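Architecture and fold: a report
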Amino acid sequence: MTPDDSIVLRFEDVSLHFDATVALDHLSLEVHPGQTYVVFGAAGSGKTMLLKVAVGLVRPDSGRVSLFGQEITGLREQDLFDIRARVGILFQEGGLFDSLTVAENVAYPLTNQRVLQQAAVTPEGSAGNGAVRTVDDRVRESLRFVELEETLDKFPAELSGGMRRRVGIARAVVSAPALLLYDSPTAGLDPITANTIIALILKERDLRNTATIMVTHRYQDGHLMANFRYNPNSGQIERARGGEDVSQVSTKFLVMNAGRLVFEGTEPELQASQDPYVRKFLRVGGA
Amino acid sequence: MLDILKPPIEAFQEFVLLSIRAVRNIFRSPHYADDIFVQMDVIGVGSLFIVSLIGLFSGIVMALQMARALTQYGAQGQVGSIVAITLVRELGPVLTAVLVAGRNASGIASELGSMKVTEQIDAMRALGTDPIQKLVTPRLIATAVVLPLLTIISDFIGLIGGYFIASGMLGLTFSEYWTTAWQALEYNDLFQGLLKPFVFAVIIALVGCFYGMRTTGGTQGVGRSTTSAVVSSSVWIFVLTAFITYVWNRAFVKQ
């Protein structure tokens, strides 16, 4: 099969069960480069499983999942490693390694993923002026991106919840992945910290045009993703102006219920929906 | 009826698969030598004091118990041989293994369990590392190397404990005690005394890792996994020592 990069991620009739519980129910989905998906759903609706199945951490019972045009459903774990190197994930719990420092955590993808180990000394890892960027440089750059450069030598346990989430983002983006998956990045955070996290996600998306899937239960997160963009000149997040910006149309909303997709569409379509389950997510955020 | 059997059979299948992958990874790269040495330090050096202490007192107790019985037959001179045989064949390996199971099977299960519930295991897989290669295999190698060594140390210190009693209470000289102890042991006993801790080590490491890796249900789940790991590994140690002794006697000891 020839890898096809025009579709970053494709789910074809994917189902997954745990005993009697349905996690994913005949789910089909396509994510294109630069596109943003915001996934809403109640607890246990299969949102996290969607992300885990997307990178092969959990194998579906039936259906096919393709990443960058390559079907991953039947691949061995060893073969999945190289494909996963092109995906960044922020886990709900952060997933930072307790026994490693912040710097070691952020460096982990670069030092452990085969393809990224090679890239660290090839043009992809170079600064463009012939100088080769070391792993250390890239780690610092990534931590600077989340404004936590001063925490290099700290351990995750020494950081606040919001800082741990930001380090998680730094680790997810250090390898400049083509697809980023965020599992409830704002869960359990105060509104100010939550907005900081969303601003970082926007910044990463708009600077690198990364395809993004964000699972959340805050409507406001989705609203920001659809209507705001990062301005590299001012370094600020600002409201996207209609017409010249594509983020509005490239942001799609999904709503999941008991493993099924019950809604797929743009923000105006979401707001117009009369489905009582879908409308619950509109009321929660109230943005 | 079949539904009741399904979970334990599935668990056993998972355990066997984990064991096969952990052993297969010993011969595959990448090798995490640093992790192996760290685990050897945690399991081996960390258990040294307590293992020595238990060894010393089990030697003392054996000598005290045997002294009374042997004195009735005027055979107190044989205390060295009885302490040596019981310690090297059975008590040394089993007591050391039970102690290490309590200390390290629980430690392994709780560490891996915490990593599982905080999604660190998933993160590891997502970031290109096989958790079995990185977490299970180093613990298996480290335990399999250090438990036989700890057992040798425990046996020796137990013999020293026995000597304290033999010389202090029974008036045996240094050479009387150590000569009988030395002569009582055959190569057969030494091999059995080293095979057992090796087998127990494999069980302790794999059971600890198995329960850790299948932890679910947050911090409560970590507690459950830790308890299950200690209980299972301790039970397996006693079952296997009986099995190995039986097979060994049938195979190598002339009746």
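**Some thoughts on the overall build of chain B**
Each helix and strand in chain B was counted, giving eight helices and zero strands. Along chain B, helices and strands appear, N-terminal first, in the series α-α-α-α-α-α-α-α. In chain B, which comprises 255 residues, the share counted as buried stands at 47%. Counting contacts in chain B only where the partners sit at least 6 residues apart, residues at least 24 apart contribute 89% of the total.

**A closer look at the overall build of chain A**
Looking only at helices and strands, one finds eleven helices and twelve strands in chain A. Taken over 287 residues, chain A has a buried fraction of 44%. Taking as baseline every contact in chain A between residues at least 6 positions apart, the subset at least 24 positions apart corresponds to 65%.

**Some remarks on helix α7 (residues 191-208) of chain A**
Residue and element names in this part refer to chain A. Taking 1.5 Å per residue, 18 residues should reach 26 Å; α7 reaches 26 Å between its end C-alpha atoms and fits that length. The set of residues buried in α7 consists of A194, I197, I198, L200, I201, L202, K203, E204 and R205. Of the residues flanking the end of α7, it is N209, one or two places downstream, whose phi is positive at about 55°.

**Focus: the confidence of the model for chain A**
Here chain A shows a mean pLDDT of 84. Residues at 70 or above account for 87%. Confidence drops under a pLDDT of 50 for residues 122-128 of chain A, and excluding neighbours within four residues, the segment shows nine contacts in the predicted structure.

**Some remarks on the nonpolar core**
Counting 134 residues, the largest nonpolar core has A:V39, B:V83 and B:I204 as its most contacted members. If you tally residues by element for this core, the top one is helix α3 (residues 79-117) of chain B, at 18 residues. Excluding anything up to four places from it in sequence, A:V39 contacts A:K47, A:L50, A:I213, A:M214, A:V215, A:L254 and A:M256.

**Topic: the sheet that holds strand β2 (residues 21-31) of chain A**
All names here are of chain A. Across the sheet, four strands lie side by side as β2-β1-β4-β5; this open sheet has antiparallel pairing. Each edge of the sheet is formed by a strand with only one pairing partner; in this case those strands are β2 and β5 (70-71). In the sheet, strand β4 (residues 62-67) pairs with β5 via two bridges, with the strands oriented antiparallel. Residue pairing in the sheet places S66 in a bridge with E71 of β5.

**What to know about the interface of chain B and chain A**
Facing the eleven residues of chain B at the interface are 17 residues of chain A. Partitioning the side of chain B that touches chain A into residue classes produces three nonpolar, four polar and four charged.

**A short note on helix α8 (residues 218-252) of chain B**
Residue and element names in this part refer to chain B. For α8, built from 35 residues, the straight-helix expectation of 51 Å at 1.5 Å per residue is met to within 8% by its first-to-last C-alpha distance of 49 Å. All of the buried residues along α8 are V222, S225, T226, A229, V230, S232, S233, S234, W236, I237 and T241. Contacts from the buried residues of α8 go to α3 and α7 (187-213).

**Details of unusual backbone geometry**
Looking along the chain, the bond that leaves B:S29 and enters B:P30 is cis, with omega of 0°. On the secondary structure map, B:P30 appears in the loop between α1 (2-25) and α2 (33-72). Positive phi values are uncommon outside glycine, yet A:F68 reaches one of about 50°. On the neighbour-count criterion, A:F68 (19 C-beta atoms within 10 Å) is partly exposed.

**What about the packing of α1(B) against α7(B)?**
Residues and elements named next belong to chain B. One can describe the packing of α1 onto α7 by two numbers: an axis separation of 10 Å at closest approach and a directional angle of 115°. In this structure, α1 meets α7 at a crossing whose hand is right-handed. Residues F15, L18, S19 and A22 of α1 form the contact with α7, whose own contacting residues are L206, C209, F210 and M213. Considered class by class, the residues forming the contact of α1 with α7 number seven nonpolar, one polar and no charged.

**Examining the pairing of strand β6 (residues 87-90) of chain A**
Residue and element names in this part refer to chain A. Alternating residues of β6 divide into V87 and I89 and G88 and L90, and every residue in both groups is buried. Two strands pair when backbone bridges link them, and β6 and strand β7 (residues 179-183) are joined in this way by four bridges, in the parallel orientation. Each bridged residue has a counterpart across the sheet, and for G88 the counterpart in β7 is L180.

**Points about the environment of B:L150**
Residues and elements named next belong to chain B. Examined against the element boundaries, L150 turns out to sit in helix α5 (residues 131-168). A C-alpha to C-alpha distance of 9.1 Å links L150 and A97, two positions 53 residues apart in sequence. Once you skip the residues sitting within four places of it in the chain, L150 turns out to touch G44, S47, L48, V51, T96 and V100.

**Focus on the packing of α5(B) against α7(B)**
Relative orientation and spacing of two packed helices are given, respectively, by the angle between their axes and the distance between those axes. All names here are of chain B. Where α5 contacts α7, the two axes come as close as 8 Å, and the packing angle between them is 145°. Judged by the sense of rotation from one axis to the other, the crossing of α5 with α7 is right-handed. In contact with L135, V136, R139, L140, T143, A144, L147, P148, T151 and D155 of α5, α7 contributes G193, L194, P197, F198, F200, A201, V202, I204, A205, L206 and C209. For the contact of α5 with α7, a count of residues per class yields 16 nonpolar, three polar and two charged.

**Thoughts on the sheet that holds strand β3 (residues 36-41) of chain A**
Residues and elements named next belong to chain A. An order of β6-β7-β8-β3-β11-β12 is seen for the six strands of this open sheet, with the pairing classed as mixed. If you trace the sheet from one side to the other, it starts and ends with β6 and β12 (260-265), each paired once. Strand after strand, the sheet turns through a mean of 15° between neighbouring axes, direction not considered. Packed onto the sheet, α7 meets β3, β7 and β8 (211-215) and runs at close to 160° relative to β8.

**A look at the pairing of β3(A)**
Burial of β3(A) is extensive: six of the six residues sit out of reach of the surface. Burial of the side chains of β3(A) extends over both faces: A:T36, A:V38 and A:F40 are buried on one face and A:Y37, A:V39 and A:G41 on the other.

**Re the environment of B:T215**
Residues and elements named next belong to chain B. Within the fold, T215 resides in the loop between α7 and α8. Between the C-alpha atoms of T215 and L140, which are 75 residues apart in sequence, the distance is 19 Å. Not counting residues up to four positions away in its chain, the partners in contact with T215 are G113, K116, V117, G221, V222 and S225.

**Details of the confidence of the model for chain B**
Close reading of the predicted structure is inappropriate where its pLDDT is low. Here chain B shows a mean pLDDT of 92. Residues at 70 or above account for 99%. Overall fold confidence (pTM) sits at 0.87, and the ipTM for the predicted complex is 0.85.

**Notes on the environment of B:F252**
Within the secondary structure, B:F252 sits in helix α8. When the C-alpha positions of B:F252 and B:N188 are compared, they lie 7.7 Å apart, and in sequence the two are 64 residues distant.

Conventions we followed
- Residues numbered from 1 in each chain as written.
- Chains lettered and ligands numbered in written order.
- Predicted model: local features only at pLDDT ≥ 70, side-chain atom pairs only at ≥ 80, totals over all residues.
- Helix = DSSP H or I, 4+ residues; strand = E, 2+ residues; numbered from the N terminus.
- Buried ≥ 20, exposed ≤ 12 C-beta atoms within 10 Å, placed from the backbone.
- Contact = placed C-beta atoms within 7 Å.
- Expected span 1.5 Å × (residues − 1).
- pLDDT = per-residue confidence, 0-100.
- Core = buried A, V, L, I, M, F, W, Y, C linked by C-beta atoms within 7 Å.
- Pairing = 2+ DSSP bridges.
- Nonpolar A, V, L, I, M, F, W, Y, C, P; charged D, E, K, R; others polar.
- Axes fitted to C-alpha atoms, helices over the stretch in contact; angles between N-to-C directions.
- Left-handed = near helix turned anticlockwise from the far one by under 90°.

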